[in-house]
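As a plain string of letters, each chain reads:
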Amino acid sequence: MSIRLSNGTEIPIEMHKIRIVQKVRLAPARDRFRAIEEAGYNTFLLRTRDIFLDMLTDSGTNAMSDNQQAAMMQADDAYAGSESFYRLLDSVKEIFGYEYLLPVHQGRAAEHLLAKTFVKPGHIVPMNYHFTTTKAHFDLAGGKVLELYTDEALKTQSSFPFKGNMDLGRLSVAIEKAGPENVSFVRMEATTNLIGGQPFSMENLRQVKALIEPLGIFLVVDGSLISENAYFIHQREAGYENTSIKDIIREMMSIADLCYLSGRKSCSVRGGMIATNRKDLYDAIRPWLPVYEGFFTYGGMSSKEIEAMAVGIREMTQLEVAGASADAIKYFVALLEEKGVPVVTPAGGLACHVDARRFISQVPQSEYPAGALSAAVYLTSGIRGMERGSVSMDRDEHGNDVPSDMELVRLAVPRRVYTISHYQYAADRLKWLYDHREMIGGLEFYEEPPVLRFFAGKMHAKGNWGQPLLEAFEQDFGLDC
Ligand code: F0G
């Protein structure tokens, strides 16, 4: 929720009080320089003891509610037939309106099962945009991911409310070209992660379904960020101003044939699931669950997390929970815009996205501007963001780099974790960095894994630009900041 102050400014207001805290440390810049050098300029390889604000991801890092914690105490640790599973099933029935549930240990496990069951060599899988793990699983199964976004999607500065929409014309052409029998399914990702947490509209979801249903193609929603997408529909789509988040989610689910998700985001736990009303789809996936994940009633999740998820699914439909990160991101993005720092607009869900291409236009895409900027942000603030650009794209079959559509530094906003002073600090240090942007150079790999290289790859700063940047920072802020 946001609230308007008497001077007219709008601030995100926390509809909770903080009763458990975790101490953080702001290591001096000199130590941060050493840490990022050791991490090969890859923020994934930093240790949390060296991090002040961890904005790498909102995945598994949200604050849980007291009710979620309390529910964990009643976990029924049975290998088979656990009551915890049935409590989660009740929540899924109530909120999603789905009868069939397959729990999995996290989102990518659901993607693995979907790939194993439905994606065949030569198939296409149309989607509004890929996610890294989705693409990896569908590629490994021999499918081809097609991203059929609209013209608005890749504009980093925009006022278009639904940049996560699918282009229906492109979808129709793609299906005709491949033949409907060669389409595994169509995937719509809620609050499209890699293009800046941008939602799709209910209207677009409905239109996609209307196009593919007569062709016998089913619709999958990646609902990892489903409550945020519902929140944006509530805020931005005509006719939904007075519809509850619960009813919006219910409507989205009634259009989709199947929903899978990472429970680590909107649901504020560590787990995942596949849910559907289509018995044929459920029956096709189900045999693989105990092979890859665990027995049908736990699927690799702990009973405690299953209990917390049963509560988290219900709580994410509360307006203030669905909007907890979106409202903070809106505030954070506005602070940065005010200071002239290039960010993705409109503000989306999950994170504030800094546009590295516009921030450091002197760094060519072949030298990974988003990677370089993520490292520079850490060095000057102790804030860990995530590279979401060409480092996050693996090489093609000829060993060539695949330039990413966007070069973004994602500063994730976990739900109910940070406060206004944290965003103010972050915006201040980013502004300093923007004023010193000409000091930032590119990166070059010296260790590069073949799959999902962004997790473990290591890079050098070309021309060793980190050292002079550190010195300029220390000159302005002293040795302790
Ligand atoms: N789908 C989406 C849209 C995601 O954002 C993620 C994870 C996954 C699937 C995979 O789920 O991590 O539970 O296996 N996103 C995290 C992130 C990793 O940081 O954005 P997972």
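Residues numbered from 1 in each chain as written. Predicted model: local features only at pLDDT ≥ 70, side-chain atom pairs only at ≥ 80, totals over all residues. Heavy atoms only, no water.

Our next topic: helix H17 (residues 420-435). In this model, H17 (16 residues) spans 23 Å end to end at C-alpha, consistent with the 22 Å of a helix rising 1.5 Å per residue. Taken as a whole, H17 has its buried residues at Ile420, His422, Tyr423, Tyr425, Ala426, Ala427, Arg429, Leu430, Trp432, Leu433 and Tyr434. (Helix = DSSP H or I, 4+ residues; strand = E, 2+ residues; numbered from the N terminus. Expected span 1.5 Å × (residues − 1). Buried < 20%, exposed > 50% of the residue type's maximum accessible area, 1.4 Å probe, protein only.)

Further remarks concern a nonpolar patch on the surface. A surface patch of nonpolar side chains, about 270 Å² in accessible area, is lined by Trp288, Val291 and Tyr292. One can find Trp288 in the loop between helix H10 (279-285) and helix H11 (289-292). (Patch = residues over 30% accessible without salt bridge, like charges linked within 9 Å, V, L, I, M, F, W, Y side chains within 5 Å. Areas by Shrake-Rupley, 256 points an atom, 1.4 Å probe, with all protein chains shown as cover. Salt bridge = Lys/Arg side-chain N within 4 Å of Asp/Glu carboxyl O.)

Here we take up the nonpolar core. If you look at the biggest cluster of nonpolar residues, it comprises 65 residues, and the most contacted ones within it are Phe359, Leu373, Ile440 and Trp465. Ranked by residues supplied to this core, first place goes to H17 with nine residues. Judged by nonpolar contacts, the second largest core, of 58 residues, contains Phe85, Leu101, Leu219 and Met253. (Core = buried A, V, L, I, M, F, W, Y, C linked by side-chain atoms within 4.5 Å.)

All right, on to the domain arrangement of the protein then. As far as domains go, the protein holds domain 1 (2-58 + 322-477) and domain 2 (66-320). Here the C-alpha centroids of domain 1 and domain 2 sit 27 Å apart. Across the contact, 33 residues belong to domain 1 and 43 residues belong to domain 2. Overall, the association of domain 1 and domain 2 removes approximately 2,700 Å² of surface from exposure, summing both partners, and the carbon and sulfur fraction of that is 52%. Sorting the residues of domain 1 by area buried against domain 2 places Ala322, Met406 and Arg415 first, and these three jointly supply 23% of that buried surface. Linking domain 1 to domain 2 there are three salt bridges. Among the salt bridges present, the one from Arg19 reaches Asp66, with a minimum N-O distance of 3.7 Å. Applying the counting criterion to the domain 1 and domain 2 interface returns 19 residue pairs in polar contact (both at pLDDT 80 or more). Residue classes in the side of domain 1 that touches domain 2 are distributed as 15 nonpolar, eight polar and ten charged. (Domains from an automatic or database assignment. Contact = heavy atoms within 4.5 Å. Buried area = accessible area lost by both parts, 1.4 Å probe. Polar contact = N/O pair within 3.5 Å; in protein donor to acceptor, adjacent residues only side chain to side chain. Nonpolar A, V, L, I, M, F, W, Y, C, P; charged D, E, K, R; others polar.)

Attention shifts here to the environment of Ala308. Here Ala308 lies in helix H12 (residues 303-315). With 88 residues separating them in the primary sequence, Ala308 and Val220 have C-alpha atoms 25 Å apart. When near neighbours in sequence (up to four residues on either side) are disregarded, Ala308 contacts Met64, Gln68, Met72 and Val269.

This brings us to the site of the ligand. Taken together, 17 residues sit near the ligand, with Thr57, Arg108, Asp222, Ser262 and Arg410 positioned nearest. Here an oxygen atom of the ligand sits 2.7 Å away from a polar atom, N or O, in the side chain of Thr57. Between an oxygen atom of the ligand and a side-chain N or O atom of Gln106, the distance comes to 2.8 Å. The element that contributes the greatest number of residues to the shell around the ligand is helix H4 (residues 107-118), accounting for three residues. (Near = heavy atom within 4 Å.)

Spanning twelve residues, H4 covers 16 Å between terminal C-alpha atoms, matching the ideal 16 Å at 1.5 Å per step. The buried count for H4 comes to nine of twelve residues, which makes it a mostly enclosed element. Along H4, the positions that sit buried rather than exposed are Gly107, Ala109, Ala110, Glu111, Leu113, Leu114, Ala115, Thr117 and Phe118.

Below, the discussion takes up the environment of Ala115. Inspection of the secondary structure puts Ala115 in helix H4. Judged by relative accessible area, which is 3%, Ala115 ranks as buried. Note: C-alpha distance between Ala115 and Ser184 (69 residues apart in sequence) is 8.7 Å. Setting aside chain neighbours within four positions, we find Ala115 in contact with His137, Phe138 and Ala141.

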